[in-house]
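Single-letter residue listing:
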Amino acid sequence: MDGTTPTLAQRVNAVLHAKQYLVFFAIGLYALDFGVPLVSAWLYRHEPLAELLRNTSGPLAYAVAARSAVIAAIFVVYLLAGMWLRAGYIRSLVGHFHLRPADPRQFLRLLVLGLALEAVGALTAGAIVLAGDDLQLASAAVLGQLAIYFVVLYADYIIVIADVGPLRAVALSWRTVRATLVPSGLVFVAGTLLVYAATGLLDQNVTGSLALAAPMMLVQCVVMGGVVFVVDVVLVTLYLNAVKTGRLKPK
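Once a new chain begins, its residue numbering starts again from 1 and follows that chain's sequence as written. Totals for whole chains, interfaces and linings use every residue, but because this is a predicted model, local features are given only for residues with pLDDT of at least 70 and side-chain atom pairs only at 80 or more, for both listing and counting. Hydrogen atoms and water are omitted, and side-chain values are computed over all heavy atoms in the structure.

Here the focus is the environment of R86. Working definition: helices are DSSP H or I runs of at least four residues, strands are E runs of at least two. Numbering for both runs from the N terminus. Of note, R86 is situated in helix α5 (residues 69–94). On the accessibility criterion, R86 (15% relative accessible area) is buried. Each C-alpha atom, one on R86 and one on L29, is 7.5 Å from the other, the two residues being 57 residues apart in sequence. N or O atoms closer than or at 3.5 Å make up a polar contact, with two conditions inside protein: a donor-capable atom paired with an acceptor-capable one, and, for residues adjacent in sequence, both atoms drawn from side chains. Here the side chain of R86 touches D156 through a polar contact of 2.9 Å, side chain to side chain. Think of it in three bands: residues with accessible area under 20% of the maximum for their type are buried, residues over 50% are exposed, and the middle band is partly exposed, with areas taken using a 1.4 Å probe on protein chains only.

The next point concerns helix α6 (residues 104–131). In a helix, the anticipated span is given by 1.5 Å times the number of residues less one. Compared with the 40 Å implied by 1.5 Å per residue over 28 residues, the 40 Å span of α6 between its first and last C-alpha is a close match. Here α6 starts with a cap whose side-chain oxygen sits 3.2 Å from the backbone nitrogen of R105, and that cap is D103. Just past α6, the residue G132 takes up positive phi, approximately 60°.

Fitting a line to C-alpha atoms yields each axis, with helices limited to the stretch in contact; the angle taken between N-to-C directions then spans 0 to 180 degrees. Where α6 meets helix α8 (residues 155–162), the axes come as close as 10 Å, and the angle between the chain directions of the two elements is 170°. By the angle between their axes, α6 is roughly antiparallel relative to α8. Across from Q106, R109, L110 and L113 in α6, the residues of α8 making contact are A155, D156, I159 and V160. Put simply, Ala, Val, Leu, Ile, Met, Phe, Trp, Tyr, Cys and Pro go in the nonpolar bin, Asp, Glu, Lys and Arg in the charged bin, and everything else, Gly too, in the polar bin. A breakdown of the residues in the contact of α6 with α8 according to their chemical character gives 5 nonpolar, 1 polar and 2 charged. Here is the rule for angles: anything less than 35 degrees is roughly parallel, anything more than 145 is roughly antiparallel, 65 through 115 is roughly perpendicular, and the remaining ranges are oblique. Residues are treated as being in contact if the distance between any of their heavy atoms lies within 4.5 Å.

In structure tokens:
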């Protein structure tokens, strides 16, 4: 690691302490991202909870597959609420506490990015279904999705912090990833593995009704919300440091 590592660690630690109350914000956002796809899956397939947890895609995929106005409405509300709160959350990480975007333009930019990423998730789910028993094709679809997510790792932060459009944010995100390749890669891999591990653990242990599974689901939301908060703080700090050191121009 280079000589800036202690400074980065100190900055991350300072932000974690100064913004620790935002962990509850992160938990709420994670619960939203966890619960809405589960509800959409149930409306589409009407399967037991254990089966839904083992095979759940994003709400857009279910809205398209079911051609359901109800699921589509849930997806629209979810996307609007999620991007609205996400904007406030990112603003709160770098400034005073906020619950909303700075202006309609910022909200629309995040909305475009969020819709694009949901479309990527829906296309990946469709590719996995079409792959059937072809594990190589299904794995390629998942890896392609993860590659896209890695490229846009910083995009939503950049939209809010640098006040740029989604296309420019994606370009700057990729430049940020390349400028901070090792720490960005480590954070991305660690976060992805933790999400898969938590999901797999929940899948294996849920065998009963929603009432019996609710405490474990609540624990997952609390723990993973905390993980998301730490990841967000690290990534925002890496981006701001890249700008400050001249490795990345903000616009």
